[in-house]
Amino acid sequence: MTNNTENKKINIIHNNDTDSIETASVLEKKLKEKGFLVPKGYNYDAFLNICIGGDGAFLRTVHNFNFPNIPFIGVNTGHLGFFQELCPDNLDDFVKALSDGNYDINEIFLVEAQVCTRNSCIELIGLNEIVIKGINSKTIHLNICIDDTYLEKFSGDGILISTPIGSTAYNFSSGGSLVFPSLEVLQVTPLSPINSKVYRSLTTSVIVPNDMVIKLHPEYRDENSILIVVDGKQYKYDNIIEINFKVSTMKINKLTLGHDNFWSNVRNKFL
Ligand code: NAP
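Residues numbered from 1 in each chain as written. Predicted model: local features only at pLDDT ≥ 70, side-chain atom pairs only at ≥ 80, totals over all residues. Heavy atoms only, no water.

**Brief notes about the overall build of the chain**
- The number of helices and strands found in the chain is five helices and 14 strands.
- In terms of C-alpha radius of gyration, the chain reaches 20 Å, essentially the compact-globule figure of 18 Å for 271 residues.
- In terms of principal-axis extent, the alpha carbons of the chain reach across some 65 × 40 × 35 Å.
- The proportion of buried residues among the 271 residues of the chain is 50%.
- As displayed, the chain offers around 13300 Å² of accessible surface, 48% of which is attributable to carbon and sulfur atoms.
- The centroid of the 24 positive side-chain charges in the chain is displaced by 3 Å from the centroid of its 31 negative side-chain charges. (Helix = DSSP H or I, 4+ residues; strand = E, 2+ residues; numbered from the N terminus. Rg over C-alpha atoms; globule rule 2.2 N^0.38 Å. Buried < 20%, exposed > 50% of the residue type's maximum accessible area, 1.4 Å probe, protein only. Areas by Shrake-Rupley, 256 points an atom, 1.4 Å probe, with all protein chains shown as cover. Lys, Arg positive; Asp, Glu negative; His and termini not counted. Charge placed at Lys NZ, Arg CZ, Asp CG, Glu CD.)

**Let's talk about the packing of aromatic side chains**
- Inspection of the entire model under this criterion finds twelve aromatic pairs.
- With a centroid separation of 4.9 Å and an interplanar angle of 55°, the aromatic rings of Phe 172 and Phe 270 are classed as tilted. Taken together, the residues Phe 172 in helix α4 (residues 170-173) and Phe 270 in helix α5 (residues 262-270) connect sequence positions 98 residues apart.
- Phe 172 gets classed as partly exposed once you look at its relative accessible area, which sits at 34%.
- Residues Phe 262 and Trp 263 carry aromatic rings whose centres are separated by 4.7 Å and whose planes lie at 75° to one another, so their mutual orientation is edge-to-face. (Phe/Tyr/Trp six-rings, centres within 6.5 Å; stacked < 30°, edge-to-face > 60°.)

**A word on the nonpolar core**
- With 27 residues, the main nonpolar core has Ile 130, Ile 132, Ile 214, Leu 216, Ile 228, Ile 243 and Phe 245 as its most contacted residues.
- Mapped by element, the contributors of at least two residues to this core are β4 (104-116), β6 (129-134), β7 (140-146), β8 (149-162), β9 (185-193), β11 (214-218), β12 (225-230) and β14 (242-256).
- Ignoring anything within four residues of it in the chain, the contact list for Leu 216 reads Ile 132, Leu 142, Asn 143, Ile 144, Ile 159, Ile 241, Glu 242, Ile 243 and Phe 245.
- Core analysis: the second largest hydrophobic core is formed by 22 residues, Leu 31, Val 38, Ile 50 and Ile 52 among them. (Core = buried A, V, L, I, M, F, W, Y, C linked by side-chain atoms within 4.5 Å. Contact = heavy atoms within 4.5 Å.)

**Some points on the pairing of strand β3 (residues 72-76)**
- For β3, the tally of buried residues reaches five of five residues, placing the bulk of the element in the interior.
- Burial along β3 is two-sided: the residues Phe 72, Gly 74 and Asn 76 and Ile 73 and Val 75 are all buried.
- The pairing of strand β2 (residues 48-53) with β3 spans five bridges and is parallel. Paired with Asn 49 across the strands is Phe 72, a residue of β3.
- What joins β2 to β3 is helix α2 (residues 55-64), and the crossover it makes is right-handed. (Pairing = 2+ DSSP bridges. Right-handed = clockwise from strand over helix to strand, strands pointing away.)

**Here we look at unusual backbone geometry**
- Positive phi outside glycine occurs at Asn 66, with the angle close to 60°.
- You can see Asn 66 is positioned in the loop between α2 and β3.

**Some thoughts on the site of the ligand**
- As a matter of local geometry, the ligand sits amid 18 residues, with Asp 55, Gly 81, Glu 129, Thr 168 and Ser 173 nearest to it.
- Here an oxygen atom of the ligand and a backbone polar atom of Gly 81 are 2.7 Å apart.
- Within the side chain of Glu 129, an N or O atom sits 2.4 Å from an oxygen atom of the ligand.
- Burial of the ligand by the surrounding chains reaches 66%, relative to a free accessible area of 820 Å².
- At three residues, α2 tops the list of elements feeding residues into the shell around the ligand.
- Taken together, the residues of the shell around the ligand sort by class into seven nonpolar, eight polar and three charged. (Near = heavy atom within 4 Å. Polar contact = N/O pair within 3.5 Å; in protein donor to acceptor, adjacent residues only side chain to side chain. Nonpolar A, V, L, I, M, F, W, Y, C, P; charged D, E, K, R; others polar.)

**Brief notes about the environment of Ile 243**
- Relative to the elements of secondary structure, Ile 243 occurs in strand β14.
- Residue Ile 243 is classed as buried on the basis of its relative accessible area, which comes to 0%.
- Sequence spacing of Ile 243 and Gly 134 is 109 residues, and the spatial spacing of their C-alpha atoms is 14 Å.
- Filtering out sequence-adjacent residues up to four positions away, Ile 243 remains in contact with Ala 113, Gln 114, Val 115, Ile 132, Ile 214, Lys 215, Leu 216, Ile 226 and Ile 228.

Here it is as structure tokens:
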């Protein structure tokens, strides 16, 4: 990717941890020395968003700014930081690479849910995952179809629909597979599926390609409410009859320096 010499505006967004505040100030100075501009507030015409904090800070930033087109790169300050490619020790190399135009921009796929009652539908977008759960920790019963083919009636804690980038998050803790981020797929992962003489549910996750729709139809028993958790943020909905999941046409962009570090990240952060 060549350096965009016309637009030198870079947004720095950070959480309130002391390390993040300090790193933001050091980075701002280094960027200004190389001729970049760091606006006071969030600038919608910037060419880069730098997010300082952990993955949680990254998720919040992407949602707060409504999945902007401006590419992101993250600086990790003392968290797991799976999204966060940089650390405070390598800011000089980063600023040089940025100044030399030595970087790539990769697309990050998102999951989209269309949540419908009998009368209307709303849309939700997730970067890591969207989870469907029963309220008050009740067993949830969900009829699952892929396109128009009936797959199963799931009974258990819930169903998690993960993006490739979210495959290392809640999905991974729930026994789902790690998925390389360039694969445009969704993963359907069961949360504590019940298997007994009464209920029978798939115990492993399934991977669904980008041209198929995952359809869930809740089967209500006592209550007609469900919980939908989008990247850790929980919402309660009543009278939902259908939820359709697909790979969203909306995407975000991630700036990366040189080689893709997904596998070394897996080794370093999980093993
Ligand atoms: P949170 O405290 O912000 O995050 C929980 C942990 O998940 C943190 O260590 C976070 O990393 C890490 N994380 C987030 N996205 C990740 C990714 N793509 N790959 C690897 N690790 C990742 O929790 P929250 O506010 O409830 O929800 C935010 C996200 O956390 C959710 O989207 C969900 O994926 C994940 N989560 C995981 C579990 C679980 O594993 N049982 C339960 C709930 C939520 P940092 O330390 O760098 O922030």
